[in-house]
Amino acid sequence: MTEEDHHFESKADAGASKTFPQQAGTVRKNGYIVIKGRPCKVVEVSTSKTGKHGHAKCHFVGIDIFTGKKVEDIVPSSHNCDIPHVNRTDYQLIDISEDGFVSLLTESGNTKDDLRLPTDDVLLTQIKTGFAEGKDLIVTVMSAMGEEQICALKDIGPK
């Protein structure tokens, strides 16, 4: 063993899993769940009674947090299901490029240039008009399972 300095690239997630297991019977409305491989917000949960030979079943109705599509799943309440790690981060909007990407200022002072404008028309219009008027805008970015998307906007006044 030589006494050399080892340098490691530090990543925010440190190889952590994108999901964690949770018993299906403990998942509640307004929580998050992975349905058909997509991170979803639970909008409805109903539990059926146990049958003659079986488990109670949980019927989940969720809305995909990135696409807004409605998805459903039925899981035995005693089984584990995947719950996504969902993070929300606020960034200051610096610039909007011609090709639909935004330039954001992180808290550490670095720029983040890998996010597209949101697909939601109302939010998209608010961002573009607010930016054109020269307002200071703070965007909230939701990230889960390796995907990121702008989901909210705050106006902190003129520059």
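Here, the structure is the one placed above.
The rules behind each value
- Residues numbered from 1 in each chain as written.
- Predicted model: local features only at pLDDT ≥ 70, side-chain atom pairs only at ≥ 80, totals over all residues.
- Heavy atoms only, no water.
- Helix = DSSP H or I, 4+ residues; strand = E, 2+ residues; numbered from the N terminus.
- Buried < 20%, exposed > 50% of the residue type's maximum accessible area, 1.4 Å probe, protein only.
- Contact = heavy atoms within 4.5 Å.
- Areas by Shrake-Rupley, 256 points an atom, 1.4 Å probe, with all protein chains shown as cover.
- Core = buried A, V, L, I, M, F, W, Y, C linked by side-chain atoms within 4.5 Å.

A closer look at the overall build of the protein chain
Link 1 in the chain: From N to C terminus, the protein chain includes one helix and 11 strands.
Link 2 in the chain: For the protein chain, the N- to C-terminal ordering of α and β elements is β-β-β-β-β-β-β-β-β-α-β-β.
Link 3 in the chain: Among the 159 residues that make up the protein chain, the fraction classed as buried is 31%.
Link 4 in the chain: Relative to all contacts within the protein chain whose residues are 6 or more apart in sequence, the contacts with residues 24 or more apart total 48%.
Link 5 in the chain: Carbon together with sulfur atoms contributes 50% to the accessible area of the protein chain, which is approximately 10,600 Å² in total.

Structural notes on unusual backbone geometry
Link 1 in the chain: In the Ramachandran plot, asparagine 30 falls in the positive-phi region, its phi being about 70 degrees despite a non-glycine side chain.
Link 2 in the chain: Mapped onto the fold, asparagine 30 is located in the loop between strand E1 (19–23) and strand E2 (32–35).
Link 3 in the chain: A positive phi angle is found at lysine 36, which is not glycine, with a value near 55 degrees.
Link 4 in the chain: Position of lysine 36 relative to the elements: it lies in the loop between E2 and strand E3 (38–47).

Digging into the side chain of serine 77
Link 1 in the chain: Within the element layout of this structure, serine 77 appears in the loop between strand E5 (70–76) and strand E6 (80–84).
Link 2 in the chain: The residues contacting serine 77, other than those within four sequence positions of it, are Gln23, Ala24, Gly25, Ala56, Lys57 and Cys58.

Comments concerning the nonpolar core
Link 1 in the chain: Ranked by internal contacts, the top residues of the largest apolar core, which has 13 residues, are Leu93, Val102, Leu104, Ile127, Val139, Val141 and Ile150.
Link 2 in the chain: Residue assignment for this core shows that the elements contributing at least two residues are strand E7 (86–96), strand E8 (101–105), helix H1 (121–132) and strand E10 (135–144).
Link 3 in the chain: When residues no more than four places from it in sequence are discounted, the contact partners of valine 102 are Leu93, Asp95, Ile96, Lys112, Asp113, Leu115, Leu117 and Ile150.
Link 4 in the chain: Core analysis: the second largest hydrophobic core is formed by 12 residues, Ala24, Ile33, Cys40 and Cys81 among them.

Interpretation in functional terms is not warranted from these geometric data alone.
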